[in-house]
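# Reading the structure
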Amino acid sequence: AASAIGDAVGAARKARVTLAGRYRTSWSSEAIVNSRGLYHAEESTWAQYTNTAMTDDSSGWATSAARSVSDVDVGATVDSAIQKAKTGEAPRDVEPGAYTVILEPNATYDLISTFFGVLDAKAAHEGRSCLSGKEGETVAGENITIASVPTHPDVGLSATIEAGLPAPEVKWIDRGKLANLRYSRYWASEKDHAVTQPVNFVMDGGKGSVDDLIASTERGILVTRFWYIRFVDPMTFLLTGMTRDGLFWVEDGEVRHGITNLRFNESPLSVLANVEAMSAPARVGSPAMVPALKVGNFRFTSG
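Let me begin by describing the structure that accompanies this report. (Residues numbered from 1 in each chain as written. Predicted model: local features only at pLDDT ≥ 70, side-chain atom pairs only at ≥ 80, totals over all residues. Heavy atoms only, no water.)

### Describing the sheet that holds strand 14 (residues 282-283)
Heads up, the condition is: Two strands pair under a simple rule: DSSP has to find at least two bridges between them. Numbering of helices and strands runs from the N terminus, with a helix taken as a DSSP run of H or I at least four residues long and a strand as a DSSP run of E at least two residues long. A contact between two residues is defined here by any heavy atoms of the two lying within 4.5 Å. Between N-to-C directions, angles span 0 to 180 degrees; the directions come from axes that are lines fitted to C-alpha atoms, helices contributing only their stretch in contact.
Reading across the sheet, the six strands line up as 7-6-5-8-15-14 and stay open at both edges, with mixed pairing between neighbours. Sheet topology places strand 7 (177-178) and strand 14 at the edges, where each strand pairs with a single neighbour. The pairing of strand 14 with strand 15 (residues 288-290) spans two bridges and is antiparallel. Residue pairing in the sheet places Arg 283 in a bridge with Met 289 of strand 15. Running over the sheet, helix 3 (residues 105-112) touches strand 5 (146-148), strand 8 (201-203), strand 14 and strand 15 and is turned about 110° from strand 15.

### Considering the pattern of salt bridges
So the rule is basically this: Salt bridges are defined as contacts in which a side-chain nitrogen from Lys or Arg sits within 4 Å of a carboxyl oxygen from Asp or Glu. Think of it in three bands: with a 1.4 Å probe and only protein chains considered, a residue is buried below 20% of the maximum accessible area for its type, exposed above 50%, and partly exposed in between.
Under the criterion given, the structure shown has twelve salt bridges. The closest approach of N and O atoms between Lys 84 and Glu 104, which form a salt bridge, is 2.8 Å. Residue Lys 84 is found in helix 2 (residues 74-87), and its partner Glu 104 is found in the loop between strand 4 (97-103) and helix 3; the two are separated by 20 residues along the sequence. There is no split in this pair, since Lys 84 and Glu 104 are both buried. Bridged by salt links that share partners, the residues Lys 122, Glu 126 and Arg 128 form one connected network.

### Digging into the layout of surface pockets
What counts here: Think of a 1 Å grid over just the protein atoms. A cavity is a set of points where a 1.4 Å probe fits yet cannot get out, a pocket is an open set with protein on both sides within 12 Å along at least five of seven lines, and lining residues have an atom within 4 Å of a point. Grid points are joined across faces, edges and corners, and a volume is the space filled by probe spheres set on the points. In this classification, Asp, Glu, Lys and Arg are treated as charged, Ala, Val, Leu, Ile, Met, Phe, Trp, Tyr, Cys and Pro as nonpolar, and every other residue, Gly included, as polar.
For the largest pocket, the calculated volume is near 660 Å³. Surrounding the largest pocket, 31 residues form its lining, Ser 80, Lys 84, Glu 104, Pro 105 and Val 210 being those nearest its centre. Secondary structure elements with two or more residues in the lining of the largest pocket: strand 3 (59-66), helix 2, helix 3, helix 6 (210-215), strand 9 (219-233) and strand 14. Residue contributions to the lining of the largest pocket peak at six residues, all from helix 2. Among the residues forming the lining of the largest pocket, the class breakdown is 14 nonpolar, twelve polar and five charged. The calculated volume of the second largest pocket comes to roughly 230 Å³. In terms of lining residues, the second largest pocket is bounded by Arg 22, Arg 24, Gln 48, Thr 50, Trp 61, Asn 106, Tyr 109, Asp 110, Arg 225, Phe 226, Gly 285 and Ser 286.

### Points about the sheet that holds strand 2 (residues 39-54)
If you trace the three strands from one edge of the open sheet to the other, you get 1-2-3, paired in antiparallel fashion. Across the chains shown, the open sheet's two edge strands, defined by having one partner strand only, are strand 1 (18-33) and strand 3. Ignoring which end each strand starts from, the neighbouring axes of this sheet average 15° apart. Where strand 2 and strand 3 come together, eight bridges link them in antiparallel fashion. Bridged to Thr 52 within strand 3 is Trp 61.

Following this line, the structure appears as structure tokens:
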């Protein structure tokens with residue numbers, strides 16, 4: 001890892017950008033035993049390299065994460081951040097409005113993972129949720145399936161949920177329909193329902209890459225990632241937030257230039273209803289596999 005970081009710093013110096021980042025590794029071991037015969041023990045590992053490259057008026061960000069250090073690609077990560085920072089120099093303004101956007105996998109996860117925060121079954125059944133009365137109903141496009149898969153080879157970090165219960169594989173959205181909500185042990189007992197809790201985030205995708213989505217776009221905006229995402233209206237799942245570290249104008253299938261950051265007001269459910277195309281799923285910094293998304297009518301409200 002130290003050698004790889006040295007190479008990354010060297011690449012940044014050669015490109016004349018400022019580089020900041022971190023490389024972290026983790027190992028955990030957990031055992032659960034009780035007097036009624038329960039026994040479970042497991043170990044897990046995780047490694048992640050993240051960096052931001054900066055010029056005087058632009059920045060580029062990238063990350064690589066995996067369960068093994070050998071699968072973390074520092075070279076490709078620093079090259080991506082540098083390329084974004086260089087391409088984004090002298091950014092131009094665009095008018096707020098509705099645009100076709102290409103969300104890179106990390107931007108997809110930043111936005112869509114907030115869905116787990118509104119999944120609580122008790123809140124939905126008591127009328128306190130944007131998902132109240134929607135179990136079994138269509139909440140996204142037919143091309144959307146989101147699940148938790150404890151045994152996933154790349155992101156399956158835990159085999160248990162609360163109190164040592166086996167972590168189930170759960171489809172939350174299945175081909176556009178809300179297939180399951182998150183049931184705690186208490187609410188599952190109240191409703192005679194299985195306990196369902198997320199342990200990771202696995203979203204089905206398409207084929208190809210971000211570049212393929214760019215090539216298919218006549219006019220649009222490429223988003224590296226979001227930050228400072230906040231609820232505007234929990235009952236409609238309306239969120240606001242900002243783009244960060246790489247926002248680009250796409251025209252005639254090519255990235256043309258950087259643009260200044262924009263604020264959005266959008267509901268993830270609206271986004272999932274307007275997905276026109278997806279890349280193959282990719283591993284992101286959190287325990288998740290998600291695709292890049294090409295989304296129509298994504299609403300930016302201000303600069």
